[in-house]
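Fold and geometry: a report
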Amino acid sequence: MRKKIETTSKAPEPVREQIKEVMNAGGPTEDFLASVPEQVDATEDEKPRRKRRTKAEIAQAEASPLFGDERYMKAISNINSFGGKKALVAGFTLAGQPLDQDEEGEVDDLFYVIARRARFNPEASWWIIGFYSLFLLARLIVTRSKEGKRLLALLRDESSKSKESKEIQ
Amino acid sequence: MIELGPCEITGVFGPPASGKTHLIQNWLQSDFSLMNRCVIFDVTGEYVDDENYNHVWSNPRELARRIMDNQWYFRVAYHCGKYVGEEFEQIVRVLCHFDCYKVIVADEFHEICPIYETPDSVQAMLRYARHAHLAVIAASQRIADVHKLFTAGCRMTVLFHTEEARDLLAIRDRWGDGCANAVRELRPLLYNDVTRVTQQIPQAIVKTRGYTPRVYDFESNCYLRDVVSTDESDIVEIGGEDETSN
C-alpha cells in the first residue's frame, strides 16, 4: 500500500494565470462567472446549417422566369439602351442618311455594351421602368404635337431637298 | 482497494459489466481527501438518485456558484444534457478557475474524448490538468476508443478482462504481449443485472507509471503478482563469460 498523500490543511498554490488562460478559465471570479453559460448550446460547427445550394440551383433561382418570354426579352433589350439606338437611327433617317442593316447592328451593339457596362438593368428597378415610361410618353406626345409634326416635316423636306440635289449633281 | 495518486489522470478500461463503475464508486466513497472536492460528470444518469451528492442539472454557472460557496468542500453530481462535449468543456473551465485540488470523474469517456475527434478543450485538459490542480478519473469501455493523449497521460491505468482483439492489440502496443495476455487471462466479473447478484468478483491489471503492471484481485483486495513480460525485446541479456570459451 502506498502512503496516503495530501493530508495537509495548507492552502495550495494558486493555479498559474497562464494555465487558466490556456484553459479559458482566467479573469476575476465575477467576470468569469458571467462568462459561464447557464444553458449550453451546440457549437457553431454542430449547429444545423442551411443546406448549401448547388450551382444549378443557384442559376435556376437567379434566372428570371420571364427569360423564356421572347416578347418580354425584346422589349427589355429595347429599353436597355433607353431608346438611344432608336433615336440615333431616326436621326440619321430624318437627316436623309438612313443607316444600313450593318450600321444599325453596330449602333445596337454599342448601346448594348454601354448598357451592360453601366449595369443598366431595367428589370432590376421599378424606377428605371417608371422613368422610361415618362420618357416614352414625352417622346410620343412631342412627335404628335403640332410643333413636333412641323419639325418632322421640316426635317423631311430638307432631307428630300438634299437627296434631289445629290441626284442632280 | 486500489489507491489513487494525489492529482493524477487515471484511466479505467473494461467492457460493459466489468466492474469499472463499481471501482469508481468505491473511490468516490473512500476517505481519500480529493474526493471532498469532486464533480461527477454523469453522462448516463448513474448518480441521479444518489443522496451523497449535490445535483446540478445541465447548468455550468450553477456549478460555478456551488463551488464559489465553498471551494474546499463540494461533492457534485453534474447531470449533463444533450451537448455532452460542450458541457464538459464548461465544467472543466469552471473547475480550472479555482485554485483548490479537485477531481472530475467521467464515465463513458469515449463520448468526450473519442480517438479522432477530441475537442481542443479536452486535449488542453489532458495536457495541463495537473497544473490546474485537477485530477481526472475517466472510464471507457474500450482502450482503443479513446484518444492517445488520454492513455498516454494516465499515471495509473486499470484494465479489466477483455477479449476484444483491437483492445488487446492496443494494450500489447503499450505494455507488451505479457500485459495483453494477462488481461485476457484475468478473472472477469460475473454479474446478474436482473437479480443484482455478483457471481464472480473480478481481477484487474493496474499499470502505474514507473512500475510493472500488477494483477489486483478485488475479492482479496490485494495485489496478487506482477505481470511478467514475455516480449523478446524486454529480455535483457546479462553479460558473462562464455562457458564454451575455455
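All of these numbers come straight from a predicted model, not from anything done at the bench.

1. Things to note about the overall build of chain B
For chain B, the helix and strand inventory stands at 7 helices and 12 strands. Relative to its 246 residues, chain B shows a buried fraction of 45%. Considering only intrachain contacts with a sequence separation of at least 6, the fraction spanning at least 24 residues in chain B is 67%.

2. A look at the sheet that holds strand β11 (residues 214-217) of chain B
Residue and element names in this part refer to chain B. Ordered by their spatial adjacency, 10 strands build an open sheet running β3-β4-β2-β5-β6-β1-β7-β10-β11-β12, and the pairing between neighbours is mixed. Only two strands of the sheet have a single partner each, and these edge strands are β3 (54-57) and β12 (222-226). Sheet twist, expressed as the mean angle between neighbouring strand axes with direction ignored, is 20 degrees.

3. A short note on the interface of chain B and chain A
Between chain B and chain A, the contact holds 29 residues from the first and 26 residues from the second. Listed by contribution, the elements that provide at least two residues to the side of chain B that touches chain A are α2 (60-69), α3 (84-97) and α4 (120-128) of chain B. At 8 residues, α3 of chain B tops the list of elements feeding residues into the side of chain B that touches chain A. Here the residues of the side of chain B that touches chain A are counted per class, giving 15 nonpolar, 8 polar and 6 charged.

4. Re the packing of helix α6 (residues 165-175) of chain B against helix α7 (residues 177-185) of chain B
Residues and elements named next belong to chain B. One way to put it is that α6 packs onto α7 with a least axis distance of 7 Å and a crossing angle of 145 degrees. Relative to α7, the crossing made by α6 is right-handed. Of the residues in α7, those in contact with L168, I171, R172 and W175 of α6 are D177, C179, A180, V183 and R184. Class assignment of the residues belonging to the contact of α6 with α7 gives a composition of 6 nonpolar, no polar and 3 charged.

Parameters at a glance
- Numbers given for residues are sequential positions, taken from 1 along each chain in its written order.
- For this description, chains carry letters from A and ligands carry numbers from 1, given in the order in which they are written.
- At least 70 in pLDDT is required for a residue's local features to be given in this predicted model, at least 80 for side-chain atom pairs to be given and counted, and no such filter applies to totals for whole chains, interfaces and linings, which use all residues.
- Helix numbering and strand numbering both begin at the N terminus, where a helix is a DSSP run of H or I of at least 4 residues and a strand a DSSP run of E of at least 2.
- In this scheme every C-beta is placed from the backbone, and a residue whose C-beta has 20 or more other C-beta atoms within 10 Å is buried, one with 12 or fewer is exposed, and one in between is partly exposed.
- Residues are defined as contacting one another if the C-beta atoms placed from their backbone atoms lie within 7 Å.
- For two strands to be treated as a pair, DSSP must find at least two bridges joining them.
- Lines fitted to C-alpha atoms define the axes, with helix axes restricted to the stretch in contact, and inter-axis angles between N-to-C directions lie between 0 and 180 degrees.
- Note on residue categories: nonpolar means Ala, Val, Leu, Ile, Met, Phe, Trp, Tyr, Cys or Pro, charged means Asp, Glu, Lys or Arg, and polar means any other residue, Gly included.
- Crossings are assigned a handedness: left-handed for a near helix turned anticlockwise from the far helix by less than a right angle, right-handed for a clockwise turn.

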